[in-house]
Amino acid sequence: MKRARWIVSLAALAVLAGGVVAATRGAPEPGGRFITDEQGRALILRGFNTAGSTKGAPDTLPELTEADIDREYRDMGTNFVRFLIMWRAVEPQPGTYDMKYLDKVAEWVRWYGERGYHVMLDMHQDLWGNAITPTGAAGNGAPAWATHLDGLPVDTDQPTWETFYLEPGVIRAFDHFWNTTGEHPELMDHYAKAWKAVAARFKDDPAVLGYDLMNEPWGGSVQGPRFETGPLAALYRATIAEIRSVDPDGWIFLEPQAVGVNWGLPSALPYFDDPRNGPPRIAFAPHLYPLPLDLGDDYTADSKEWTDRTIGWWRDNVLRTADRLDAPILLGEFGLDMTRPGAADLVGQVVRLGEGMGTGMAYWSRDPGSWGPYDEKGAATPLVAAYARPYPRAIGGVPVDIRSEARSLTVTFDANGTGPTEIYLPAAGFPDGGRVSEGEATWDAARRVLTVRTRTSGRVTLTITPA
């Protein structure tokens with residue numbers, strides 16, 4: 001009940017701060033804007049956040065080996081990772097960037113790149129940073145030198161980790177960062193320049209797709225549209241400019257305010273110019289944690305209808321925001337305890353949602369345990385079977401419709417000559433690869449990828465069934 005009360009109070013805060021209920025006009029249809037690779041093919045990204053273990057690690061690096069990545073691909077055919085990095089590790093002292101840390105990150109990026117993955121670097125934070133308490137018992141992200149509590153308290157006795165956000169000291173730390181206090185205008189500039197250092201290091205790395213500017217932004221004492229159109233937009237504009245000064249091509253991913261938007265309320269993020277030459281490469285990367293499940297319900301008969309309704313609100317509001325931003329969509333986080341009733345069904349529902357929206361996704365997270373694909377002993381959780389579905393990794397045109405079943409996949413797109421379409425087919429359902437309805441297909445059994453070459457113009461519908 002404590003969890004329910006705090007979440008409802010935050011939702012009310014978001015609304016009272018200027019948020020609005022879902023617009024009455026119909027949501028725009030998906031399509032037309034997609035994250036693309038170097039050939040111009042539309043990418044459908046599917047993978048994990050790697051990893052929560054980063055948060056408490058002294059070196060802020062995940063507990064992960066190359067063999068772990070191999071197993072992940074073998075079991076689920078993922079092609080994407082949202083890789084967590086920390087501001088405190090990038091800039092341990094003001095204006096000093098730890099290149100040795102970035103070189104270590106580059107080693108993990110190389111592991112993924114050698115296996116054909118796309119990497120999004122995510123500047124992660126929760127509760128501002130671990131200096132909000134003397135012992136570092138909570139929080140991750142910001143360095144101690146950027147943490148200004150002004151002597152305000154942070155009570156460590158909390159019913160859930162999220163309630164730390166309501167502590168006076170945490171609110172004050174955010175207020176100083178957003179400069180709503182008027183006392184620390186330098187902090188956002190430091191943050192933007194830290195991103196410049198990251199982009200300069202990785203701009204020529206072919207595995208790095210782009211940069212997620214801030215995980216789940218929290219406005220401190222400023223919430224709702226005032227926050228998204230004010231301090232958050234100012235940070236994004238400054239950071240976009242810094243990144244583009246060294247990297248004209250990497251994708252830049254923008255997250256909305258987490259509170260409310262994660263549950264299905266609308267975002268007020270404004271449009272952002274991309275100063276690069278050529279089409280913009282700015283994408284919208286919201287998270288999805290349906291409110292009934294965040295309140296502790298299961299995805300079962302009693303709450304399924306209510307959960308599906310909130311997912312529908314989330315879909316419509318995300319499409320509206322993406323339309324306003326003129327940006328493609330990437331679902332940066334979703335997840336739940338896979339031991340809970342209906343959890344696998346919820347994963348399937350979100351995968352189908354992504355197919356219908358033409359968007360990729362990253363599950364939270366790759367860590368061992370009940371929320372991940374493998375438990376603490378290394379055994380597969382129900383997530384593996386739920387996530388191992390056929391999907392088009394790269395599409396040689398503009399996607400129109402994607403529909404997957406256990407033993408079939410249909411992909412409709414308007415071909416534009418950008419390259420072949422690559423389709424992952426899991427061993428379950430496609431043990432010997434797939435048969436395609438048209439075009440010339442090549443089967444790579446080791447990667448479990450069917451490469452299909454079709455005509456280079458006009459509408460194409462590929463139906464893939466087991467060979």
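If you're wondering where the values come from, they're calculated on a predicted model, not measured in any experiment.

### Notes on the nonpolar core
- W87, L121, F177, W195, F202, V347 and Y387 are the most contacted members of the largest nonpolar core, which totals 123 residues.
- Look past the residues within four positions of F177 in its chain and what remains in contact with it is W87, W128, L187, M188, Y191, M214 and L235.
- Among the nonpolar cores identified, the runner-up in size contains 13 residues, and L45, M120, A283 and L330 belong to it.

### What to know about the sheet that holds strand β16 (residues 449–453)
- Strand order in the open sheet formed by five strands is β1-β10-β13-β16-β15, and the pairing between neighbours is antiparallel. Strands with a single pairing partner mark the edges of an open sheet, and in this sheet they are β1 (42–43) and β15 (440–444).
- Those strands touched by helix α3 (residues 66–76) are β10 (391–395), β13 (421–424) and β16, and its axis lies near 95 degrees from that of β13.

### Here's the deal with the pattern of salt bridges
- On inspection of all chains with the given rule, the structure shows 31 salt bridges.
- A salt bridge links R41 to E422, with the shortest nitrogen-to-oxygen separation between them at 3.4 Å. Of this pair, R41 sits in the loop between α1 (2–16) and β1 while E422 is found in strand β13, placing the two residues 381 residues apart along the sequence. A single burial state applies to R41 and to E422, both of which are buried.
- Among the salt bridges present, the one from R115 reaches E66, with a minimum N-O distance of 3.2 Å. Here the residue R115 occupies a position in the loop between α5 (99–114) and β4 (118–123), and E66 occupies one in helix α3, the gap between them amounting to 49 residues.
- The structure contains a network of salt bridges with shared partners spanning D37, R41, E422, D444 and R447.

### Description of the environment of E255
- Within the element layout of this structure, E255 appears in the loop between β6 (251–254) and β7 (282–284).
- By relative accessible area, E255 is classed as buried at 1%.
- Between the C-alpha atom of E255 and that of A131, which follows or precedes it by 124 residues, the distance is 24 Å.
- Setting aside anything within four residues of it in sequence, one finds E255 in contact with R82, D122, D212, M214, N215, E216, P217, L232, Y236, L269, A285 and H287.
- Within the structure, E255 has its side chain in polar contact with the backbone nitrogen of E216 (distance 2.9 Å).
- There is a polar contact of 3.2 Å between the side chain of E255 and the side chain of H287.

### Here we look at the side chain of D37
- By secondary structure assignment, the location of D37 is in the loop between α1 and β1.
- Within polar-contact distance, the side chain of D37 engages the backbone nitrogen of R41 at 2.9 Å.
- Discounting chain neighbours no more than four positions away, the residues touching D37 are L43 and A394.

### What to know about the UniProt feature "domain: Glycoside hydrolase family 5 C-terminal" (unreviewed entry) in the protein
- The UniProt record marks residues 389–464 with the feature "domain: Glycoside hydrolase family 5 C-terminal" (unreviewed entry), using the residue numbering of this structure.
- For the annotated span residues 389–464, helix accounts for 0% and strand for 61% of the residues, and the straight-line distance between the end C-alpha atoms is 13 Å.

### Considering the packing of α5 against helix α7 (residues 186–202)
- Two elements in contact, α5 and α7, have axes separated by 11 Å at closest approach and are oriented at 50 degrees. When the axes of α5 and α7 are compared, the pair comes out oblique. At the point where α5 passes α7, the crossing takes the right-handed sense. Along its contact with α5, which presents M99, L102, D103, V105, A106 and V109, the element α7 presents A197, V198, R201 and F202.
- In terms of residue class, the contact of α5 with α7 is built from eight nonpolar, no polar and two charged.

### Observations concerning empty space enclosed by the protein
- With the rule as written, the count across this model stands at six cavities of 30 Å³ or more.
- Estimated volume of the largest cavity: approximately 120 Å³.
- Forming the walls of the largest cavity are 14 residues, and the residues nearest its centre are G31, R33, L319, I329 and M357.
- Of the residues in the lining of the largest cavity, the class split is nine nonpolar, three polar and two charged.

### Concerning the packing of α7 against helix α8 (residues 225–244)
- For the pair α7 and α8, the least separation of the axes is 8 Å and the interaxial angle reads 35 degrees. Crossing hand, α7 versus α8: right-handed. The segment α7 lies against α8, with M188, D189, Y191, A192, K193, W195, K196 and A199 engaging P231, L235, A238, T239, E242 and I243.
- Considering only residue class, the contact of α7 with α8 consists of nine nonpolar, one polar and four charged.

### What about the packing of aromatic side chains?
- Per the counting criterion, the structure on display carries 25 aromatic pairs.
- For the ring pair W108 and W111, a centre distance of 5.1 Å and an interplane angle of 45 degrees mean the geometry is tilted. In this pair, W108 and W111 both sit in helix α5, three residues apart, roughly one turn of the helix. Per residue, the accessibility class of W108 equals that of W111, and both read buried.
- Every member of this aromatic cluster is reached through a ring pair, and the members are W87, W128, W145, W161, Y165, F174, F177, W178, Y191, W218 and F227.

### What to know about the UniProt feature "domain: Glycoside hydrolase family" (unreviewed entry) in the protein
- What UniProt calls "domain: Glycoside hydrolase family" (unreviewed entry) maps, in this numbering, to residues 37–366.
- When the span residues 37–366 is considered, its composition is 38% helix and 12% strand, and the gap between its end C-alpha atoms is 24 Å.

### Overview of the sheet that holds strand β14 (residues 434–436)
- What the four strands build is an open sheet, ordered β11-β12-β17-β14; its pairing is antiparallel. Edge strands, defined here as strands with exactly one partner in the open sheet, are β11 (397–405) and β14. Between one strand axis and the next, the sheet turns through 20 degrees on average, direction left out of account.
- Pairing of strand β12 (residues 408–415) with strand β17 (residues 458–466) involves seven bridges; the strand directions are antiparallel. Residue T410 lies in a different strand from β17, and its bridge partner there is T463.

Reading guide: rules and limits
Residues numbered from 1 in each chain as written. Predicted model: local features only at pLDDT ≥ 70, side-chain atom pairs only at ≥ 80, totals over all residues. Heavy atoms only, no water. Core = buried A, V, L, I, M, F, W, Y, C linked by side-chain atoms within 4.5 Å. Buried < 20%, exposed > 50% of the residue type's maximum accessible area, 1.4 Å probe, protein only. Contact = heavy atoms within 4.5 Å. Pairing = 2+ DSSP bridges. Helix = DSSP H or I, 4+ residues; strand = E, 2+ residues; numbered from the N terminus. Axes fitted to C-alpha atoms, helices over the stretch in contact; angles between N-to-C directions. Salt bridge = Lys/Arg side-chain N within 4 Å of Asp/Glu carboxyl O. Polar contact = N/O pair within 3.5 Å; in protein donor to acceptor, adjacent residues only side chain to side chain. UniProt positions renumbered as here; feature names shortened; annotations may be inferred. Parallel < 35°, antiparallel > 145°, perpendicular 65-115°, else oblique. Left-handed = near helix turned anticlockwise from the far one by under 90°. Nonpolar A, V, L, I, M, F, W, Y, C, P; charged D, E, K, R; others polar. 1 Å grid on protein atoms, 1.4 Å probe; cavity = no way out; pocket = protein on both sides within 12 Å on 5 of 7 lines; lining within 4 Å. Points joined across faces, edges and corners; volume = space filled by probe spheres on them. Phe/Tyr/Trp six-rings, centres within 6.5 Å; stacked < 30°, edge-to-face > 60°.

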